[in-house]
Amino acid sequence: MRKGFLALVAVLVLGLALAPCGLAAQKTIKIGINAPITGDIPKVGEGSKYAAEMWLEDIKAAGGLDVGGVKYDVEVIIEDNESKPESAAKAATKLITEDEVLAIVGPQSSAQAIPAGEMANNFGTPMISPWSTNPDTTKDRPFVFRGCFLDPFQGPVVANFIKEEFGFTKAAVLYDVASDYPKGLAEVFKEAWEKNNGPGSVVAFESFTTKDADFSSQLTNIINSGAEVLFTPQYYNEVALIVQQAHELGWKNPIVGSDSWGSAETVKLCGEECYGLFFTTHYAAAGATGATKAFIDRYNQKYGYVPDDVGALTWDSLRIVQAAIQGTGGLSGDLKKDREAVKDAMANIKEFDGITGKMTFTPDGDPIKCAVIVRISDKGEFEFYKSVCP
Amino acid sequence: MQLFLQNLINALQWGSFYALIALGYSMVYGILMLFNFAHGDIFMVGAYIGFGVATGLTALAAMGTLALPNWVILVLTILISMFLTSFVGMLVERIGYRPLREAPRASAAITGLMIGIILETGNLAILGAERIRFPSLIKSTTYDLGGVFVTNKKIMIVVVSLVLMLALNEFIRRTRWGMAMRAMAFDYVVIPLMGVPLNTIASLTFALGSGLAAAAGIMFAIAYPVLDPYIGIIYGWKAFVAAILGGRGSVKGACLAGFLLGFIEIFVGAYMPSSVRDLIAYSIILLILVFRPHGFFGEPHSAKLRL
């Protein structure tokens, strides 16, 4: 009896172990998702997961994925990286070596995407990070791509937008000199603005240090410099203070920000003072049209809330993977070769029509894509205003 | 000229906070020879209590239970918060400092730091790390005085600060409690022997200082309406500098030094990059202290007695 039972278990285990492999070699494509399901930012993981579920639904509804005339089943494997760099690298390795996925979407944050990208590149597996804006994620890694623009790209975008929209020629910048992101962006903006409007056209380049609450001396200088617009690439808590103090010192011109403004906290802390201001970001939920609106409505109906930029970028990244797989023209069944082929196809994608904008990849694997200019509406919503392309 | 006047007004507001906070330091230091390093965090607690009171009163007014205009809510918020925060100060004295009154001064100073950390992290545990927005009790109106911009808030902040400083000065000069405090500052070993209750005076000192810190906290929150549990640290330090600069136990000195600090910071900030602002501002203060080691109004002999 006991022996019989053991034999039965052995057969079952063998069967389980062999069955998927047998099928996989023939008809299934596996896509890995490397996302922070637990950890510090579970909401980001949830958005990634939901976008992946919706994408899979579409594939299933179409009866599978058509690659070069052959229909494949698609399986999505979600691996939790706990929002930690080392777990992200581990998750990537597991997806590549054990699960034998064809491509990976994620991780989202740069801190995880950089180490995971190294794994993916070493193992020759295409990976696309929807949300990581740090240049190092894709740098010198032919197998690694991303779905969003880079930090330095926003500077020229803002400079061009202001010129087109308002026709201003004199700008002021107020930034935190002790923080990498605002400092980098402020410098890139200055360079771009002076390229457009000539040297010295940034009439005030004022700084403060993290934790400062009073900006009155800097803002007084800015107002006296005769600047027509103020650019401040700060985080939401500082935005609230800067905008209020600027208004109290008699500043009536536009104030423009960057994607660090794109948090619900901005409006909560800043209130009516921030209504009518502009900033650049990846995507805007309010006032979206076409495919973007369709995605938002479907997501909202299914999960009960409006997706943030992570959800939308993950959706686009999955569809880029899909387009790349289909762009290979047919899979050989040899995983190594197929991964290589998917990478080449992805690098060759031109004018991909995503819900966060049209994308074409540079040789580094970064998309050339449009940024969205958001206007904070009179109801405090982030409203799509226009998209600005490089 | 416009630039100068505008910065002058900015500095008046900025200096008011330092002056009000410095008063609390200066009184405790003058009377008990104690560096109350928790004082900056009492300022923070005052701002948060103000937030609670203001939110509560606004909600009551919105429900129609108490039909109060906004300026009444503002006055009530300041008064109630000053009252409540003075109890926090008394509690800190009772729990943190009284058992250590005979201990070395360094132990008491360290106690202050620890109480500060307890207040910060306690707040963090209760309310979380999310920043809160202070309700806008008065609608900001900007007046254009020939290119110099003044808001009703700024005027209110400077006026209320000056009124509080004068009131404190009168209290210390003209009442019996004030006289007891002055006497205690003169010699806190002998005066209790003459029948002045040391513990009561200590509590009173902490209550007054904390009440002023609460007023500063609320006005700070009106001017800079984003609060987090750590706002007290840096302003506490700087106000401490002002207290020392003003001279031990001197109300006049603390006020003057507080405003001076505000002026130096704003004017250095106006003409220099911000990364060197504090470097230059505090080098100037160091220089002043080199030439006037007891501050503006400090009395050399009494300080020598116990330090």
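Residues numbered from 1 in each chain as written. Chains lettered and ligands numbered in written order. Predicted model: local features only at pLDDT ≥ 70, side-chain atom pairs only at ≥ 80, totals over all residues. Heavy atoms only, no water.

Caption draft 1: Inspection of the nonpolar core at higher detail. The biggest cluster of nonpolar side chains holds 117 residues, and the ones touching the most others in it are Leu230(A), Leu23(B) and Phe220(B). For this core, the element with the most residues is helix H7 (residues 198-223) of chain B, which contributes 15 residues. Beyond its immediate chain neighbours, meaning those up to four positions away, Phe220(B) contacts Ala213(A), Trp14(B), Phe17(B), Phe43(B), Ile231(B) and Tyr235(B). Listed in part, the 43 residues of the second largest apolar core include Ile29(A), Val67(A), Val321(A) and Phe361(A). (Core = buried A, V, L, I, M, F, W, Y, C linked by side-chain atoms within 4.5 Å. Buried < 20%, exposed > 50% of the residue type's maximum accessible area, 1.4 Å probe, protein only. Helix = DSSP H or I, 4+ residues; strand = E, 2+ residues; numbered from the N terminus. Contact = heavy atoms within 4.5 Å.)

Caption draft 2: Quick look at the packing of aromatic side chains. All chains considered together, the criterion is met by 40 aromatic pairs over all chains. Judged by centre distance (3.6 Å) and plane angle (0°), the rings of Tyr50(A) and Tyr303(A) are stacked. Of this pair, Tyr50(A) sits in helix H2 (residues 42-61) while Tyr303(A) sits in helix H10 (residues 290-303), placing them 253 residues apart in sequence. Each member of the pair, Tyr50(A) as well as Tyr303(A), carries the same accessibility label: buried. Geometrically, the ring pair formed by Trp14(B) and Tyr224(B) is edge-to-face, given 5.6 Å between the ring centres and 85° between the ring planes. Note that Trp14(B) is positioned in helix H1 (residues 2-32) and Tyr224(B) in the loop between H7 and strand E4 (226-227), a separation of 210 residues in sequence. Like Tyr224(B), Trp14(B) is buried. Three or more aromatic residues link up through ring pairs in this structure, and these residues are Trp14(B), Phe17(B), Tyr18(B), Phe43(B), Phe220(B), Tyr224(B) and Tyr235(B). Above the plane of the ring of Phe205(A) lies Lys190(A), whose end atom (NZ or CZ) is 5.1 Å from the centre. A cation sits over an aromatic face here: Lys252(B) above Phe297(B), 4.8 Å from the ring centre. (Phe/Tyr/Trp six-rings, centres within 6.5 Å; stacked < 30°, edge-to-face > 60°. Lys NZ or Arg CZ within 6 Å of the ring centre and 35° of its normal.)

Caption draft 3: The pattern of salt bridges, seen in detail. Across all of its chains, the model carries 24 salt bridges over all chains by this definition. Between Lys94(A) and Asp99(A) there is a salt bridge, and its shortest N-O distance comes to 3.3 Å. We classify Lys94(A) as partly exposed; its relative accessible area is 28%. Where salt bridges share partners, they join Asp212(A), Lys238(B), Glu265(B), Arg277(B) and Asp278(B) into one cluster. (Salt bridge = Lys/Arg side-chain N within 4 Å of Asp/Glu carboxyl O.)

Caption draft 4: The state of the cysteines, seen in detail. Residue and element names in this part refer to chain A. In this structure the tally under the stated criterion is one disulfide over all chains. Bridging Cys-270 to Cys-274, the disulfide has an S-S length of 2.1 Å. On the sign convention where negative is left-handed, the bridge of Cys-270 and Cys-274, at about 85° about the S-S bond, is right-handed. Given the relative accessible area of 1%, Cys-270 is considered buried. For the unlinked cysteine Cys-148, the closest cysteine sulfur is that of Cys-370, found at 14 Å. Residue Cys-148 is classed as buried on the basis of its relative accessible area of 0%. (Disulfide = S-S within 2.5 Å.)

Caption draft 5: Fine view of the domain arrangement of chain A. Split into domains, chain A comes out as domain 1 (30-149 + 290-369) and domain 2 (152-281). Computed from C-alpha coordinates alone, the two centres of domain 1 of chain A and domain 2 of chain A are separated by 33 Å. (Domains from an automatic or database assignment.)

Caption draft 6: Local environment of a nonpolar patch on the surface. Residues and elements named next belong to chain B. There is a patch of nonpolar side chains on the surface, built from Tyr-143, Leu-145, Ile-155, Val-159 and Val-163 and spanning about 460 Å² of accessible area. If you list the elements that add at least two residues to the nonpolar patch, you get strand E2 (142-145) and helix H5 (152-174). Considering each element in turn, the nonpolar patch owes the most residues, three residues, to H5. (Patch = residues over 30% accessible without salt bridge, like charges linked within 9 Å, V, L, I, M, F, W, Y side chains within 5 Å. Areas by Shrake-Rupley, 256 points an atom, 1.4 Å probe, with all protein chains shown as cover.)

Caption draft 7: Highlighting the packing of helix H9 (residues 251-271) of chain B against helix H10 (residues 277-291) of chain B. Residue and element names in this part refer to chain B. As a packed pair, H9 and H10 sit with axes 9 Å apart at the nearest point and diverge in direction by 140°. Judged on the interaxial angle alone, H10 and H9 are oblique. Handedness of the H9/H10 crossing: right-handed. Contacts between H9 and H10 pair Leu-260, Leu-261, Ile-264, Glu-265, Val-268 and Gly-269 from the former with Arg-277, Asp-278, Ile-280, Ala-281, Tyr-282, Ile-284, Ile-285 and Ile-288 from the latter. (Axes fitted to C-alpha atoms, helices over the stretch in contact; angles between N-to-C directions. Parallel < 35°, antiparallel > 145°, perpendicular 65-115°, else oblique. Left-handed = near helix turned anticlockwise from the far one by under 90°.)

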